[in-house]
Amino acid sequence: MAGTTSSSRPRPTAPHLQVYRPTLTMTMSIAHRLTGIAVYIGTIVFVWWLIAIAAGRDAYESFLDALGSIPGLIVLFGLTWAVLHHALGGIRHLIWDTGRAHTYPWREYLARANLIGSLALTAILWAVCYPR
Amino acid sequence: MRDFRTSTALARGLGAAGNGTRDFWHQRVTSVLGVLLIAGVLIVISTSVGADYDEVTNLLSNPLAVIVLLLALLNFCIHMRIGMQVVIEDYVHGPVTKALLLIANTGFSAVIGVAGAAAVLKIAFAG
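Bringing the overall build of chain B into the picture now. Helices and strands together make up the secondary structure of chain B, namely five helices and zero strands. The principal-axis extent of the C-alpha atoms belonging to chain B is close to 60 × 40 × 25 Å. Counting over 127 residues, chain B shows a buried share of 33%. Across chain B, the fraction of contacts at a sequence separation of at least 24, relative to all contacts at a separation of at least 6, is 69%. Only carbon and sulfur atoms are counted for the fraction: they give 70% of the accessible area of chain B, which is about 7,600 Å².

What follows is about the pattern of salt bridges. This structure, assessed with the given rule, holds five salt bridges over all chains. With a shortest N-O distance of 3.0 Å, A:R107 and A:E108 are connected by a salt bridge.

What follows is about the environment of A:H16. Tracing the backbone through its elements, the reader meets A:H16 in the segment before helix 1 (24-55). Residues A:H16 and A:A59, spaced 43 residues apart in sequence, show a C-alpha to C-alpha distance of 47 Å.

Each partner contributes residues to the interface: chain A has 25 residues there, and chain B has 37 residues. Of the roughly 2,800 Å² buried at the junction of chain A and chain B (both faces included), carbon and sulfur atoms supply 74%. Applying the counting criterion to the chain A and chain B interface returns three salt bridges. In this structure, A:R57 engages B:D54 in a salt bridge whose closest nitrogen and oxygen atoms are separated by 2.7 Å.

Residues and elements named next belong to chain B. On the surface, F24, W25, V29, L33 and L36 cluster together to form a nonpolar patch covering roughly 520 Å² of accessible area. The residue L33 is located in helix 2 (residues 22-48) in this model. Note on L33: relative accessible area 41%, which makes it partly exposed.

Bringing the packing of aromatic side chains into the picture now. All names here are of chain A. As enumerated under the stated definition, the model contains seven aromatic pairs over all chains in all. Both rings, one in Y60 and one in F63, keep their centres 6.4 Å apart while their planes meet at 15°; by these two values the pair is stacked. In this pair, Y60 and F63 both sit in helix 2 (residues 57-68), three residues apart, roughly one turn of the helix. As far as the burial class goes, Y60 and F63 line up, both buried. Ring geometry for W106 versus Y109: centroids 5.4 Å apart, planes at 80°, classification edge-to-face. Placement of the pair is W106 and Y109 together in helix 4 (residues 106-129), with a separation of three residues, close to one helical turn.

With that out of the way, let us pick up the nonpolar core. Of all hydrophobic cores here, the largest spans 41 residues; its most connected members are A:F46, A:W49, A:L50, A:I53, B:L60 and B:L69. For this core, the secondary-structure elements that each account for two or more residues are helix 1, helix 2 and helix 3 (70-97) of chain A together with helix 2, helix 3 (53-60), helix 4 (63-91) and helix 5 (95-126) of chain B. Beyond its immediate stretch of four places on either side in the chain, A:W49 contacts A:Y60, A:F63, B:V44, B:I45, B:S48 and B:L60.

Before going further, it helps to examine helix 3 of chain B. Of all the positions in helix 3 of chain B, only B:Y53, B:V56, B:T57 and B:L60 are classed as buried. Take helix 3 of chain B and look down its axis: the buried residues cluster within an arc of 95°, on one side only. Structurally, helix 3 of chain B contributes buried residues whose contacts are with helix 1 and helix 2 of chain A together with helix 2, helix 4 and helix 5 of chain B. Between a side-chain oxygen at the N-terminus of helix 3 of chain B and the backbone nitrogen of B:D54 the separation is 3.2 Å; the capping residue is B:D52.

Cut-offs and rules
Residues numbered from 1 in each chain as written. Chains lettered and ligands numbered in written order. Predicted model: local features only at pLDDT ≥ 70, side-chain atom pairs only at ≥ 80, totals over all residues. Heavy atoms only, no water. Helix = DSSP H or I, 4+ residues; strand = E, 2+ residues; numbered from the N terminus. Buried < 20%, exposed > 50% of the residue type's maximum accessible area, 1.4 Å probe, protein only. Contact = heavy atoms within 4.5 Å. Areas by Shrake-Rupley, 256 points an atom, 1.4 Å probe, with all protein chains shown as cover. Salt bridge = Lys/Arg side-chain N within 4 Å of Asp/Glu carboxyl O. Buried area = accessible area lost by both parts, 1.4 Å probe. Patch = residues over 30% accessible without salt bridge, like charges linked within 9 Å, V, L, I, M, F, W, Y side chains within 5 Å. Phe/Tyr/Trp six-rings, centres within 6.5 Å; stacked < 30°, edge-to-face > 60°. Core = buried A, V, L, I, M, F, W, Y, C linked by side-chain atoms within 4.5 Å. Arc of directions from axis to C-beta. Polar contact = N/O pair within 3.5 Å; in protein donor to acceptor, adjacent residues only side chain to side chain.

Structure representation (structure tokens):
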């Protein structure tokens, strides 16, 4: 049995990301995980928003001041893109779950649609919402 | 009623953690519902931009907004917990560190869900 050998040689490991030439589908796969992690942390901003409103006028004003600052706006813009990219990436995964679009050229179309779609939706949402 | 299945039949397909494909399936369910709910949440947030405090509390007292926000908080609390658990299990291999991070993950997800829901309910029912 493998676990009972007395050899001190390290166990063989599978090659990881660094040995592969980057491709769009691979990048979008990594982006799906990273945006998922970003949105996980970003839920703090969402709940902070709700708590600030629940806490009253002053707390809400402080929240708006913080998010309206330059770093705040950058975080909010990045979070908008991350949410949309992860949502569209999720739809892509759901399409794959039905057994479709795993092969060329559809997998490439989906990867592009994911990136272009998330950037376009972010731009549209900010263009509609930002300058009131 | 007595269960006539053998213990092997009861355990078959459930794997080492005893949960079978439960997390996999819950992640699919919460992603389908999540696509709809995130659209609702983004509409609520977008509507609040530029509104003053009274308008925002008024918006968040709308029953439809309350329902969307509460469902979204429940949905994403489940989805983010499973998602982060996969990430932790992929990269953290020390048994104690892994267990502590998995507990912290469950705690964080629960706090986000409950704190958000408490805020939504307070705005809706207590102004």
